Amino acid sequence: MPHTAFHDATRIAGGPLAAVALAVKAAFTADPAAAILVFDDATGKVVDLDLRGSDAEIAARYAPPSDDTTPAVDETPRGRGRPKLGVVAREVTLLPRHWDWLALQPGGASQALRRLVDDARKSDGGRSQARAAQERAYTFIATMAGDREGFEEASRALFAGDGERFAEHSRSWPADIRAYARELLAGFALPEPKL
């Protein structure tokens, strides 16, 4: 999962977490009092890093899970469900009338719920992804630009989907903050401002 590191308002690293962690360690070695924040590109949230140990230990700590094609033998007893398909059991709370309706559906409640969710995803029109992109960008700008001029207006423009107003109100922010906020909006049709 990609991450991005900032030293004050300047982007110093981006990419896999192991590489970003090593860049952050190098920055702290050069300046122990540096104000460095690392952001998860998927959420826009700040991530705390454990930078103890050697570079090899840090790289191993944050390395992505290996894509080993030889499955390990799992000796734990299997429960219900289809774990090989990625099925995850979680609690769902419904009213009795909902359970009654689900019981009448072909394939049972789980299959009916999966169909309903898939249909809702298809008819969503990208609204869920747009909302997630807005939240991701807002989380980041609230941290990095929350005390900067134009933050409130830029936030309103962000949630209104108005790229021109967002650019106008964030113009005084450092270039790396503006650029990363736009990257976090990837997949969301925030129009590019006219220059």
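These numbers were taken from a predicted model, which means no experiment stands behind them.

Thresholds applied
- Residues numbered from 1 in each chain as written.
- Predicted model: local features only at pLDDT ≥ 70, side-chain atom pairs only at ≥ 80, totals over all residues.
- Heavy atoms only, no water.
- Salt bridge = Lys/Arg side-chain N within 4 Å of Asp/Glu carboxyl O.
- Helix = DSSP H or I, 4+ residues; strand = E, 2+ residues; numbered from the N terminus.
- Buried < 20%, exposed > 50% of the residue type's maximum accessible area, 1.4 Å probe, protein only.
- Core = buried A, V, L, I, M, F, W, Y, C linked by side-chain atoms within 4.5 Å.

## Some thoughts on the pattern of salt bridges
Tallied over the entire structure, the rule returns five salt bridges. A salt bridge links Glu-183 to Arg-11; its shortest N-O distance comes to 2.9 Å. You can see Glu-183 sitting in helix α8 (residues 175-184) and its partner Arg-11 sitting in strand β2 (residues 10-16), a full 172 residues away along the chain. On the basis of relative accessible area, Arg-11 is assigned to the partly exposed category, the value being 25%. One salt bridge in this structure joins Arg-165 and Asp-162, with 3.6 Å as the shortest N-O distance. It is possible to trace a salt-bridge network through shared partners that takes in Asp-50, Arg-52 and Arg-61.

## Structural notes on the nonpolar core
Membership of the largest hydrophobic core comes to 20 residues, with the highest contact counts inside it found for Phe-6, Phe-140, Ile-141, Phe-166, Trp-173 and Ile-177. Contributions of two or more residues to this core are made by α5 (127-145), α6 (151-160) and α8. If you tally residues by element for this core, the top one is α5, at six residues. Counting residues in each nonpolar core, the second largest holds seven residues, with Ala-5, Val-20, Ala-34 and Ile-36 among its members.

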